[in-house]
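# Per-entry structural report
Spelled out from the first residue to the last, the chains are:
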Amino acid sequence: MGFKGVFAAFLLLLTISAFAEAPHVVPTIVDSIPHDQSHFTQGLFFDGRDLIETTGLYGKSGMYRYAMDGKTLKMLDSARLADRYFGEGSIAVGDDIFYLTWKAHKAFIYDRRSFKPKGEFNIPTEGWGLTYWRSALLMSNGSNSLLQIAPGGYYVVGVIPVLDGGRAVTMLNELEIVGDTLYANIWQTGLVAVISLPSGKVLKYLDFSKKVMELLDKYPNMDVLNGIAYDGKNLWVTGKLWPWIYKLAQ
């Protein structure tokens, strides 16, 4: 495992120990498909049977639509952000796809079908993860506060603090909603927080730390766990520069 891998494993274990109250559950992986290792995954969601991914890094941020073709992903469409923007999370709502940027305090709107740009709007903080719940965009920004943003006027209509017991759970990153249950990557860990809405209470953590360390041993240049999508039956997870997207047992 090289220095980077050893350090990452130490960081994972150190960080995981800070999340002690809610139980940790090791999820069962039932399948996998290859993932483009040049993609710094920031957003991941299913649009019908297609998989949409948004990626980050300056000069490399883009949005991609894939069809699942057996055990592979077939790219159907793509769009790129200008080099000055660092892309983050995304979600489809109605005829639109909303795509966050990290530090520019800006989000972009694309046509859901054509991937053509339609507009942009300002966001009040950094943008990290994005999903849609109860008629509002739900955005993470690295804190423990989830911002509810009206998709018409793009103003904050509510804030949901995320707590494990009485402790604020920060570094919330990529988001996926299933009913009133929110799944959130915790940046720099192998954990996905499972959060009850609207309370913001952490119910448990899906713990991928062992899987992350196994992968780092073979792929030392990969980055952190990030990317959660729900296909209507199963969750799928991946990470930044990861070689695989994993399907989890129901």
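Below is a short write-up of the structure. Every value quoted in this text rests on a predicted model; they were computed, and no experiment measured them.

### Quick look at the sheet that holds strand 11 (residues 130-133)
Pairing between the strands of a sheet is mediated by backbone hydrogen bonds and can be parallel or antiparallel. Taken in spatial order, the four strands make up an open sheet running 11-12-13-14, and their pairing is antiparallel. Edge positions in the sheet fall to strand 11 and strand 14 (156-161), since each has one partner strand and no second. For this sheet, the mean inter-axis angle between neighbouring strands, taken without regard to orientation, is 30 degrees.

### So, the sheet that holds strand 4 (residues 50-55)
Pairing in this open sheet of four strands is antiparallel, and the strands run 3-4-5-6 from one edge to the other. The open sheet has two edge strands, strand 3 (41-47) and strand 6 (72-80), and neither has a second partner. Here the strands of the sheet are splayed against their neighbours by 25 degrees on average, with no regard to which way each runs.

### Comments concerning the environment of Glu176
When you line up the elements, Glu176 lands in strand 17 (residues 172-178). Setting aside its immediate chain neighbours within four residues, Glu176 contacts Leu44, Phe45, Thr131, Thr181, Leu182, Tyr183, Ile228, Ala229, Tyr230 and Leu235.

### Let's talk about the pairing of strand 3
When a strand is regular, its side chains alternate between the sheet's two faces. Most of strand 3 sits out of view: seven of its seven residues are buried. With six bridges connecting them, strand 3 and strand 4 associate as antiparallel partners. Bridged to Phe45 within strand 4 is Ile52. With antiparallel pairing between neighbouring strands as the criterion, strand 3 and strand 4 make up a hairpin whose turn holds two residues, including Gly48 at a positive phi of roughly 65 degrees.

Cut-offs applied
Residues numbered from 1 in each chain as written. Predicted model: local features only at pLDDT ≥ 70, side-chain atom pairs only at ≥ 80, totals over all residues. Heavy atoms only, no water. Pairing = 2+ DSSP bridges. Helix = DSSP H or I, 4+ residues; strand = E, 2+ residues; numbered from the N terminus. Axes fitted to C-alpha atoms, helices over the stretch in contact; angles between N-to-C directions. Contact = heavy atoms within 4.5 Å. Buried < 20%, exposed > 50% of the residue type's maximum accessible area, 1.4 Å probe, protein only.

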